[in-house]
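Spelled out from the first residue to the last, the chains are:
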Amino acid sequence: MSNQSQPPHSSDSYPAAMSGPAPTGRTSWALGFLAWIPVPFLGMIVAAVAMVAVYPSVKRKQVPAAAENARRAANWGLTLLTVLVACGIYVLVLALAFPETHQGFFPIGLAVIVFAALSVVHAVVTIAGTVIAGKRVFRNRLAIPYLR
């Protein structure tokens, strides 16, 4: 039998005691869809925390492609949390320290624009990560590499 018929993550790197296809890390990316829980801001936080929380368990399975996809998904989740916290701090600082500057949409509206843009980018990254992770490692260039 030729080596060409084997999937990218061959059974050599997957423990023999486990049956079924080798994990790919696709689930780590798919957890990003939790962001669409119909509670604004909270859904994104839940998705980001879930993407980060699943990494240690996938890493223990010792499947290199799955661990790498989970690490990259966790990095995206941490990046998402960083931007969400920065937006929250920005709004709190403006609301508490400069209450007289709330004349119109701006300057607090900037956080709304960043959140809307982040939502669109997160949707694209989550869809791409979920689809691509089934075949190979998804390399998201937008994520801050917190975990190496």
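The rules behind these values
- Residues numbered from 1 in each chain as written.
- Predicted model: local features only at pLDDT ≥ 70, side-chain atom pairs only at ≥ 80, totals over all residues.
- Heavy atoms only, no water.
- Salt bridge = Lys/Arg side-chain N within 4 Å of Asp/Glu carboxyl O.
- Helix = DSSP H or I, 4+ residues; strand = E, 2+ residues; numbered from the N terminus.
- Phe/Tyr/Trp six-rings, centres within 6.5 Å; stacked < 30°, edge-to-face > 60°.
- Buried < 20%, exposed > 50% of the residue type's maximum accessible area, 1.4 Å probe, protein only.
- Expected span 1.5 Å × (residues − 1).
- Contact = heavy atoms within 4.5 Å.

In this section: the pattern of salt bridges. Opposite charge on two side chains lets them pair, provided their charged atoms get close. Going through the model one piece at a time under the given rule, you end up with two salt bridges. Arg71 is the partner of Glu68 in a salt bridge, and the nearest nitrogen-oxygen pair spans 2.5 Å. Here Glu68 and its partner Arg71 are both found in helix α4 (residues 64–97), three residues apart, which amounts to about one turn of the helix. Notably, a salt bridge pairs Arg72 with Glu68, separated by 2.8 Å at the nearest N-O pair. Here the residue Arg72 and the residue Glu68 both occupy positions in helix α4, the gap between them amounting to four residues, near one helical turn. When salt bridges that share partners are traced, they join Glu68, Arg71 and Arg72 into one network.

With that settled, the discussion passes to the packing of aromatic side chains. Tallied over the entire structure, the rule returns three aromatic pairs. Taking the centre distance of 5.9 Å and the plane angle of 40° together, the rings of Phe41 and Phe115 count as tilted. You can see Phe41 sitting in the loop between α1 (26–30) and α2 (42–53) and its partner Phe115 sitting in helix α5 (residues 109–132), a full 74 residues away along the chain. Among the residues examined, Phe41 registers a relative accessible area of 35% and is labelled partly exposed. Given a relative accessible area of 22%, Phe115 falls into the partly exposed group.

Bringing α5 into the picture now. Across its 24 residues, α5 extends 34 Å between first and last C-alpha, which sits within 8% of the 34 Å expected from 1.5 Å per residue. For α5, the set of buried residues is Gly109, Ala111, Leu118, Ser119, His122, Ala123, Val125, Thr126, Gly129 and Thr130. Here the buried face of α5 lies against α1, α2 and α4.

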